Amino acid sequence: MDVTEVDCTTPNAARIYDYDLGGEHNFAADRAASEEIQRTVAPTGPFIARANRAFLQRAVRFCLDQGIDQFLDLGSGIPTVGNVHEIAQDRQPGARVLYVDVEPVAVATTRHLLEGNDHAGVVHADVRDPDAVLDSPEAASLLDFSRPVALLTVAVLHYITPQEQTRMHRYREVLAPGSAVVISTLTADERAEEAERVERFFAENADTQVTFRTRDEVLALFDGTELVSPGVVWTPQWRPDPADPAGWEPHRAGCWAGVGLVREP
Ligand SMILES: C[S@@+](CC[C@H](N)C(=O)[O-])C[C@H]1O[C@@H](n2cnc3c(N)ncnc32)[C@H](O)[C@@H]1O
């Protein structure tokens with residue numbers, strides 16, 4: 001599907017998230033859905049989005065501190081200020097970033113934003129198909145898997161069921177020692193009723209469904225890596241920064257988050 005075929009009357013998770021972050025790449029149906037979610041489903045919607053985005057940015061800086069200068073961002077979303085390549089290339093101008101998303105508006109705006117940037121690219125693919133991503137010409141030209149890569153799966157796994165996720169093992173298999181695995185994902189822990197309303201809302205109104213994961217399930221996603229301190233915590237609790245969004249208790253950010261490092265076998 002290309003951007004001219006987008007159904008702008010059905011709310012889409014990528015564009016709702018963009019609206020919650022204060023972005024401009026969304027349609028009236030997405031804005032209405034976001035307002036409706038805040039009113040009747042989850043009042044913390046924008047806080048969830050902003051706390052997640054702030055975690056992503058801190059995690060990218062952490063990876064840079066580890067000497068990692070290549071990023072594979074699965075489910076990268078619609079670009080807004082503070083994208084992975086902006087943070088990475090600000091510190092390391094030669095840093096490489098490959099974005100992947102299935103949503104045509106996200107891919108088109110990312111492609112536009114990256115014009116003239118030889119060290120960053122985007123692949124229009126479903127992340128559940130690792131071959132389409134890893135065997136793409138963009139991956140071949142941008143990423144060197146013999147060196148460490150940060151694999152970012154930030155706020156995307158909740159669109160993927162555990163069964164579908166088994167197809168994604170190949171990403172982990174290609175990571176060299178020193179690589180990082182960065183994860184945040186929605187949970188129903190400590191917010192069961194709200195999560196049920198979110199699940200129902202997406203099932204009835206959007207073109208994307210959500211799957212919540214418990215903290216134990218998220219911990220299991222780090223198997224085979226060395227989980228870095230402070231472990232799997234709410235997004236605002238992962239190595240917080242004074243500039244982070246505030247105003248709600250950490251668990252209202254709704255996502256567990258963590259970073260694991262791949263060590264020598
Ligand atoms: C909530 S946004 C997160 C964006 C970014 N990772 C962040 O944390 O700021 C989730 C993104 O995942 C994308 N997505 C969902 N399912 C996907 C799939 N199966 N393949 C590729 N992208 C997917 C959506 O289109 C959306 O852009």
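This text follows the structure it describes.
Values in this document were obtained by computation on a predicted structure and should not be read as measured data. (Residues numbered from 1 in each chain as written. Predicted model: local features only at pLDDT ≥ 70, side-chain atom pairs only at ≥ 80, totals over all residues. Heavy atoms only, no water.)

Novice: Describe in detail the side chain of Ser179, supporting the description with residues and values.
Specialist: For Ser179, the location among the structural elements is in the loop between helix 9 (169-173) and strand 5 (180-186). A distance of 2.7 Å separates a polar atom in the side chain of Ser179 from the backbone oxygen of Ala176. Not counting the four nearest positions on each side in its chain, Ser179 is found in contact with Ile68, Arg147, Pro148, Val149, Gly260, Leu261 and Val262. (Helix = DSSP H or I, 4+ residues; strand = E, 2+ residues; numbered from the N terminus. Polar contact = N/O pair within 3.5 Å; in protein donor to acceptor, adjacent residues only side chain to side chain. Contact = heavy atoms within 4.5 Å.)

Novice: Describe the pattern of salt bridges, and please don't skip the residues or the numbers.
Specialist: Throughout the structure, instances matching the rule amount to 15 salt bridges. Glu103 serves as the salt-bridge partner of Arg15, at 2.8 Å between the closest nitrogen and oxygen. Linking Arg15 in helix 1 (residues 13-20) with Glu103 in the loop between strand 2 (96-101) and helix 5 (104-113), this pair joins segments that are 88 residues apart in sequence. Comparing Arg15 with Glu103, the two get one shared label, buried. A salt bridge links Glu194 to Arg191; the nearest nitrogen and oxygen atoms lie 3.1 Å apart. According to the relative accessible area criterion, Glu194 is buried, its value standing at 7%. (Salt bridge = Lys/Arg side-chain N within 4 Å of Asp/Glu carboxyl O. Buried < 20%, exposed > 50% of the residue type's maximum accessible area, 1.4 Å probe, protein only.)

Novice: How would you sum up the layout of surface pockets? Please name residues and give values.
Specialist: Which parts of space are left empty comes out when a probe the size of a water molecule is rolled across the atoms. There is about 370 Å³ of room inside the second largest pocket. Looking at the second largest pocket, it is lined by 18 residues, and the ones nearest its centre are Leu157, Gln165, His169, Arg172 and Leu221. Mapped by element, the contributors of at least two residues to the lining of the second largest pocket are strand 4 (150-154), helix 8 (162-165), helix 9, strand 5 and helix 11 (215-221). Of the residues that constitute the lining of the second largest pocket, the class distribution is 10 nonpolar, 4 polar and 4 charged. (1 Å grid on protein atoms, 1.4 Å probe; cavity = no way out; pocket = protein on both sides within 12 Å on 5 of 7 lines; lining within 4 Å. Points joined across faces, edges and corners; volume = space filled by probe spheres on them. Nonpolar A, V, L, I, M, F, W, Y, C, P; charged D, E, K, R; others polar.)

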